[in-house]
Amino acid sequence: MRHFLGLLALLLGATLALAEDDGVVAGEFELVHDGIKVGAKKVLWKNLKSLEDVDPDLAALRAEYENRPGKGSEELADHLDWGEWALECGFSDIAKQEFELALAIKPDNPGARKGLGWVKSGKEWRPVAEVFEEKRKALKPEAKAAKLDLAKWCDDNGYRDGEWKLLIALAVADAWDKGMIARVKPFVDRRLPETAMRPALTGRWRAEVDTTGHHQVKVFAIHAIDFRKVDGGGMLYKGTGKSLEDFHSSDAVILSCADGTVSLADDHWEDLPPGVGGKFDQANFVVVQHTAGESTAYGHIKKGSALVKPGDTVKAGQPIARVGNSGASGYPHLHFTLQTPVWDDAGKGGWISIPWRFDDFRVVVANGTACDFEVKRARVHEGWVMEFPQTK
């Protein structure tokens, strides 16, 4: 049974990643400096021809579970394993069924109790949500450390809803809180984006390596990428690079990545000379909402370049602004991320940056290595130089 469960774990990770001899990879993969790893096999950048991030086939996983060998003859450990597997897949009905079967074998099993939403409080088992609310109400509003401790307690006891609620409150109160960010990142890293997106730019662009870690210190930017346009030789500018016009990125058209509605737009701040960093809150930007929980943010746009205003509907590939150098920028570039809105109990809101993917582009340099492979769908990674298609 455990061998079969391992197979289903692989299926959950991707629809089983394929690394064929012809350099075509589809599924789950791990990036390393000189290529990608699929299981124990490595595909070098120069040998890669096609890359696609494939979501798990949940219907196939359910079918495999229903048709598993040994069905109906599992022991306690088997039911616990299946219950944990089902939770990972998001199959709450299967998880409930398996943990209840485990309890039928051993009524006081802590793993099964935890899986069903119970926690030991003193000498009795109580609903974890109930105990969580008691602990949360006892916290002082300013008690950051205590909230993080309670978030860990939620994680230890399998109460993800409670942990997320606390993390949201901390993120809204202080988007730069290090302890909160450390817990948010693994929480959202497994999230599958709802919005299919085309690239926000056309031509050759480099995803800059965040050498200073400035994106990782604020929760609304942890999955952000800074894009800078390069020429065929990898140069960022022509001439001396002392004027904005020297930079290939400057004044480039920015496109909406998907259909949506403009929720925010501000383009009144001045563009600064190259090498001059402005204030964080003086960056021009456009935000487009695509679903109730997903919006794209386009930062450092050129003064007066916004082609849209809040309330406007936009289509994928529609020009919405131009690249500038406003705010804490330094050099012309596009700061891009996908983000989800969050609100605390008082109704105060904020943003959390979440994973995103672009469809249909090519990578011509990866971590300094010349290559040429198509990307059907994948997260953009720092250090990639990409050819983004022209609008149709």
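Placed above this text is the structure.
So, here is what we can say about the structure in this document. (Residues numbered from 1 in each chain as written. Predicted model: local features only at pLDDT ≥ 70, side-chain atom pairs only at ≥ 80, totals over all residues. Heavy atoms only, no water.)

**Description of the nonpolar core**
Moving on, step 1. If you look at the biggest cluster of nonpolar residues, it comprises 65 residues, and the most contacted ones within it are Phe227, Tyr298, Phe336, Phe358 and Trp384.
Moving on, step 2. Listed in part, the 14 residues of the second largest apolar core include Leu61, Ile94, Phe99 and Leu103. (Core = buried A, V, L, I, M, F, W, Y, C linked by side-chain atoms within 4.5 Å. Buried < 20%, exposed > 50% of the residue type's maximum accessible area, 1.4 Å probe, protein only.)

**Thoughts on unusual backbone geometry**
Moving on, step 1. The backbone of His300 sits at a positive phi, close to 70°, despite the residue not being glycine.
Moving on, step 2. Within the secondary structure layout, His300 lies in the loop between β14 (294-299) and β15 (313-314).
Moving on, step 3. Even without being a glycine, Asp360 presents a positive backbone phi close to 60°.
Moving on, step 4. By the secondary structure assignment, Asp360 is in strand β19 (residues 358-366).
Moving on, step 5. Residue classification places Asp360 among the exposed residues on the basis of a relative accessible area of 52%. (Helix = DSSP H or I, 4+ residues; strand = E, 2+ residues; numbered from the N terminus.)

**Quick notes on the pattern of salt bridges**
Moving on, step 1. Taken as a whole, this structure holds 31 salt bridges when the rule is applied.
Moving on, step 2. Glu133 is the partner of Lys165 in a salt bridge, and the nearest nitrogen-oxygen pair spans 3.7 Å. One end of the pair, Lys165, is in helix α8 (residues 160-173); the other, Glu133, is in helix α6 (residues 128-137), and 32 residues separate them in sequence.
Moving on, step 3. Residue Lys165 is classed as partly exposed on the basis of its relative accessible area of 32%.
Moving on, step 4. According to the relative accessible area criterion, Glu133 is partly exposed, its value standing at 22%.
Moving on, step 5. Among the ionic pairs, Asp345 bridges to Arg136, the shortest N-O distance being 2.8 Å. Remark: Arg136 occurs in helix α6 and Asp345 occurs in the loop between β17 (334-343) and β18 (349-354); sequence separation between them is 209 residues.
Moving on, step 6. Accessibility expressed as a relative area gives 58% for Asp345, which makes it exposed.
Moving on, step 7. The structure contains a network of salt bridges with shared partners spanning Glu133, Arg136, Lys165 and Asp345. (Salt bridge = Lys/Arg side-chain N within 4 Å of Asp/Glu carboxyl O.)

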